[in-house]
Amino acid sequence: GIQVEQSPPDLILQEGANSTLRCNFSDSVNNLQWFHQNPWGQLINLFYIPSGTKQNGRLSATTVATERYSLLYISSSQTTDSGVYFCAAKTGANNLFFGTGTRLTVIP
Amino acid sequence: KAGVTQTPRYLIKTRGQQVTLSCSPISGHRSVSWYQQTPGQGLQFLFEYFSETQRNKGNFPGRFSGRQFSNSRSEMNVSTLELGDSALYLCASRGTQTDRGQETQYFGPGTRLLVL
């Protein structure tokens, strides 16, 4: 299956700072999603973004499909942004393959 | 619309027992997928069901099985539990207008299984 790599594995920020999370994938994708996993384990959808750019409040994402990477931007971070961010991708009708995640800690 | 629901939320079993987990997808969604999350292996795909048929299966032993009912609700079963089966089990559903895997998957809250 497709390989999905995320960086950095861990990130510690001061509240109010901006950050960029990266996701590289090994093959062409027809589905790419970003999730935030909360402390209780729930995966919360952030973006469905196989290509292009989307924005939702302080979060935005860009996928450059031809270069096989996606970026998640978090601006003006808040303590509630803490948690693990996952990128997941699929090709064709296969299942989603997940990266190993970026653990974000926002310090007040 | 109500989201994906999973029951039970927490479960404690002993080695050798079997367990059944349940997942109700978002209304109108016909595809249900199951994932296992552990600290060591991360999020791994178990299987996907669509219209009561298994479409796709991950690399797990035969002790892991599932099924889907006509109302799209799905169950997964793990027999002869091992300590390594302790994990968060997540269920996801998606609509299938195009059936080409392009739809957003929505996840339930998970069932946390502890095997002693």
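Fair warning: this is a prediction, and the values are worked out from it, not measured in the lab.

Quick notes on the rules
- Residues numbered from 1 in each chain as written.
- Chains lettered and ligands numbered in written order.
- Predicted model: local features only at pLDDT ≥ 70, side-chain atom pairs only at ≥ 80, totals over all residues.
- Heavy atoms only, no water.
- Helix = DSSP H or I, 4+ residues; strand = E, 2+ residues; numbered from the N terminus.
- Buried < 20%, exposed > 50% of the residue type's maximum accessible area, 1.4 Å probe, protein only.
- Polar contact = N/O pair within 3.5 Å; in protein donor to acceptor, adjacent residues only side chain to side chain.
- Pairing = 2+ DSSP bridges.
- Salt bridge = Lys/Arg side-chain N within 4 Å of Asp/Glu carboxyl O.
- Contact = heavy atoms within 4.5 Å.
- Nonpolar A, V, L, I, M, F, W, Y, C, P; charged D, E, K, R; others polar.
- Phe/Tyr/Trp six-rings, centres within 6.5 Å; stacked < 30°, edge-to-face > 60°.
- Lys NZ or Arg CZ within 6 Å of the ring centre and 35° of its normal.
- pLDDT = per-residue confidence, 0-100.
- Patch = residues over 30% accessible without salt bridge, like charges linked within 9 Å, V, L, I, M, F, W, Y side chains within 5 Å.
- Areas by Shrake-Rupley, 256 points an atom, 1.4 Å probe, with all protein chains shown as cover.

1. A word on the side chain of Arg63(B)
Residues and elements named next belong to chain B. The residue Arg63 is located in the loop between strand E6 (53-57) and strand E7 (64-68) in this model. Owing to a relative accessible area of 16%, Arg63 belongs among the buried residues under this scheme. Among the polar contacts listed, one links the side chain of Arg63 to the backbone oxygen of Thr80, at a separation of 3.2 Å.

2. Some thoughts on the pairing of strand E3 (residues 19-25) of chain A
Residues and elements named next belong to chain A. Burial along E3 is one-sided: Ser19, Leu21, Cys23 and Phe25 are buried, and none of Thr20, Arg22 and Asn24, which face the opposite way, are. Pairing of strand E1 (residues 4-7) with E3, which is carried by four bridges, proceeds in the antiparallel orientation. Within E3, the residue paired with Val4 across the bridge is Phe25.

3. Some details on the pattern of salt bridges
Residue and element names in this part refer to chain B. All told, the structure shown has seven salt bridges over all chains when counted by the stated rule. Between Glu82 and Arg63 there is a salt bridge, and its shortest N-O distance comes to 3.6 Å. Of the two residues, Glu82 is situated in the loop between strand E8 (74-78) and strand E9 (87-94) and Arg63 in the loop between E6 and E7; the sequence distance between them amounts to 19 residues. A relative accessible area of 42% means that Glu82 is categorised as partly exposed.

4. A look at the interface of chain A and chain B
Much of the literature gives interface size as the accessible area that the parts lose upon coming together. The partner chain B presents 21 residues to the 19 residues of chain A that form the contact. Remark: the boundary between chain A and chain B carries zero salt bridges. Linking chain A with chain B are six residue pairs in polar contact (both at pLDDT 80 or more). Mapped onto the side of chain A that touches chain B, the elements with two or more residues apiece are strand E4 (31-37), strand E5 (43-48) and strand E9 (83-90) of chain A. The residue makeup of the side of chain A that touches chain B, split by class, is eight nonpolar, 10 polar and one charged.

5. Some points on the packing of aromatic side chains
Evaluated as defined, the whole model comprises nine aromatic pairs over all chains. Ring centres of Phe35(A) and Phe107(B) lie 5.3 Å apart, and the angle between their planes is 90 degrees; this geometry places the pair in the edge-to-face category. Note that Phe35(A) is positioned in strand E4 and Phe107(B) in strand E10 (residues 106-107), a pairing that runs across two chains. Phe107(B) matches Phe35(A) in its accessibility class, with the two residues each being buried. The structure contains a cluster of three or more aromatic residues connected by ring pairs, namely Phe35(A), Phe86(A), Phe98(A), Tyr35(B), Phe45(B) and Phe107(B). The aromatic ring of Tyr69(A) is capped on one face by Arg22(A), whose charged end is 4.2 Å from the ring centroid. Note that Arg55(B) overlies the ring of Phe50(B), its terminal NZ or CZ placed 5.0 Å from the centroid.

6. Digging into the confidence of the model for chain A
In this model, chain A carries an average pLDDT of 94, and 99% of its residues clear a pLDDT of 70 or more. Looking across chain A, the model is least confident in E5(A), with a mean pLDDT of 93, and most confident in strand E8 (residues 69-74) of chain A, with 98.

7. Quick look at a nonpolar patch on the surface
Nonpolar side chains collect at one region of the surface, where Ile12(B), Leu114(B) and Leu116(B) lie side by side and expose about 300 Å² of accessible area between them. On the accessibility criterion, Leu114(B) (39% relative accessible area) is partly exposed.

8. Things to note about unusual backbone geometry
Residue and element names in this part refer to chain A. Following Ser7, the chain continues to Pro8 via a peptide bond in cis, the omega torsion being -10 degrees. Of note, Pro8 is situated in the loop between E1 and strand E2 (10-14). The backbone of Ser76 sits at a positive phi, close to 45 degrees, despite the residue not being glycine. Relative to the assigned elements, Ser76 resides in the loop between E8 and E9.

9. Describing the environment of Val19(B)
Residues and elements named next belong to chain B. Secondary-structure assignment places Val19 in strand E3 (residues 19-24). Spatially, the C-alpha atoms of Val19 and Gln36 are 14 Å apart, while their sequence positions differ by 17 residues. Beyond its immediate sequence surroundings of up to four residues, Val19 is in contact with Leu11, Lys13, Met76, Asn77, Val78, Leu81 and Leu113.

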